[in-house]
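As a plain string of letters, each chain reads:
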Amino acid sequence: MGRDLFLRPEGAEVCDLAKKLGWEKPVFELSAEELARTSLAQPAIFLVEWVSFLVAKKLRIPAVVAGHSLGEFAALAAAEVLSWPEAFSLVLLRGKLMEEAAEKFPGGMLALLGLPQAEAERIAQESGCFVANFNAPSQVVVAGKREDLKKAEELAQKAGGKAVPLPVAGAFHSPFMAEAAQRLASALEELTFRPPKITFISSSTGEVESQPTRIKEILKAQMTAPVRWVTAVQRMAELGVEEAWEVGPGQVLTRLGRRITDRISFRALSEVLGHV
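Residues numbered from 1 in each chain as written. Predicted model: local features only at pLDDT ≥ 70, side-chain atom pairs only at ≥ 80, totals over all residues. Heavy atoms only, no water.

Caption draft 1: Inspection of the side chain of Q139 at higher detail. Its location among the elements puts Q139 in strand β4 (residues 139-144). A relative accessible area of 13% means that Q139 is categorised as buried. Polar contacts involving the side chain of Q139 include one to the side chain of N135, which spans 3.0 Å. Not counting residues within four places of it along the chain, the set of residues in contact with Q139 comprises L112, L113, N133, F134, L256 and R259. (Helix = DSSP H or I, 4+ residues; strand = E, 2+ residues; numbered from the N terminus. Buried < 20%, exposed > 50% of the residue type's maximum accessible area, 1.4 Å probe, protein only. Polar contact = N/O pair within 3.5 Å; in protein donor to acceptor, adjacent residues only side chain to side chain. Contact = heavy atoms within 4.5 Å.)

So this is what it looks like as C-alpha cells:
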C-alpha cells in the first residue's frame, strides 16, 4: 500500500519522522494480516493520506478539506489545525484504543444498500444496531453486536435492500467505542488546536467548522458519532467546489462522491498523477 508514494522524496521524509514517533515498519511492507489489525491499519492509512496530500499540494493548493472518519485527522493536519506529527500521534493512540475496545466489546459493521436513509435508520433501531456512516444516498452503514447485525441483515433483505458485512474489527462509530473515546479525549486536551488555514468541513457535523475549541470537542465525540459524509459532500457543493481529489489509498470516496452529487468532479490521486 502506497509503495510508489513512499519512494518519492515526500514519502521518505515522512517515513523518517514517523519512525521517531514510534512507527517502525514501512507501510508498503505490511502484510494483509497486519493491516487487519486496527492499531496498525489506522496509522498506515494516515501516512498514505498525508504523503498523498503533500504530493497533491504540489499540483494544486486546496480550498476545502474534509476527511471520512480516520481521514479527518489528515484533513486537520492539512488545514494546519494540528501539525501532522501531532495528528499522527493521535492516530497511533486512536488505533490502539479502538482495537482494545473491539476486543472488549466484539461486534462489526454492515453496509445497508439500496434503501432510503429513513428505512436504514428504522432497521438499525429495530435490530438494536447503531447508524455509523451515512456514506451515500442509498448506502448507510450500521454497527453493533454480531447477533444484532444478523437481525439488521434479515430486515434489510425483507425491505428489498442488500446487506454487506464490512471487513472491520469492531463496531466503530457506536457507543461501544465510548471508553476509547474518553481516553482519546484526554490526549486531545493536551494539544493546542489552531484555526484552520483552509476551509475545513467536519464529517461528524457535515458543516464548515472554524473554531478550534469546537473542532476539539467534535473530535472527542467522533468515535461514537456517525460519519455524515453525504452532508459533508453536499456542503462542498454548496460552497462551489467543482473538483475534489481523493488523497489516500483506493477510490472508495471518489465512487461515493459521484453517487452523492454531480456538481463536483471527483478524482482519485492515482488518476490525477496518471495525467500529470
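Having seen the model, we can carry on.
Caption draft 2: Summary view of the packing of helix α2 (residues 9-20) against helix α6 (residues 84-104). One can describe the packing of α2 onto α6 by two numbers: an axis separation of 11 Å at closest approach and a directional angle of 55°. What the angle tells us is that α2 and α6 run oblique. For the pair α2 and α6, the sense of crossing is right-handed. Note on element contacts: α6 touches α2 through W84, P85 and F88, opposite V14, L17 and A18. (Axes fitted to C-alpha atoms, helices over the stretch in contact; angles between N-to-C directions. Parallel < 35°, antiparallel > 145°, perpendicular 65-115°, else oblique. Left-handed = near helix turned anticlockwise from the far one by under 90°.)

Caption draft 3: Up close: the sheet that holds strand β3 (residues 130-136). Strand order in the open sheet made by the five strands is β5-β2-β4-β3-β7, with mixed pairing throughout. Among the strands making up the open sheet, the edge pair consists of β5 (162-165) and β7 (227-228). Both β3 and β7 contribute to a ladder of two bridges, which runs parallel. Looking at β7, one finds that F134 is bridged to R228. The strands touched by helix α7 (residues 117-127) are β2 (108-113), β3 and β4; relative to β3, the strand with the most contacts, the crossing angle is about 160°. (Pairing = 2+ DSSP bridges.)

Interpretation in functional terms is not warranted from these geometric data alone.
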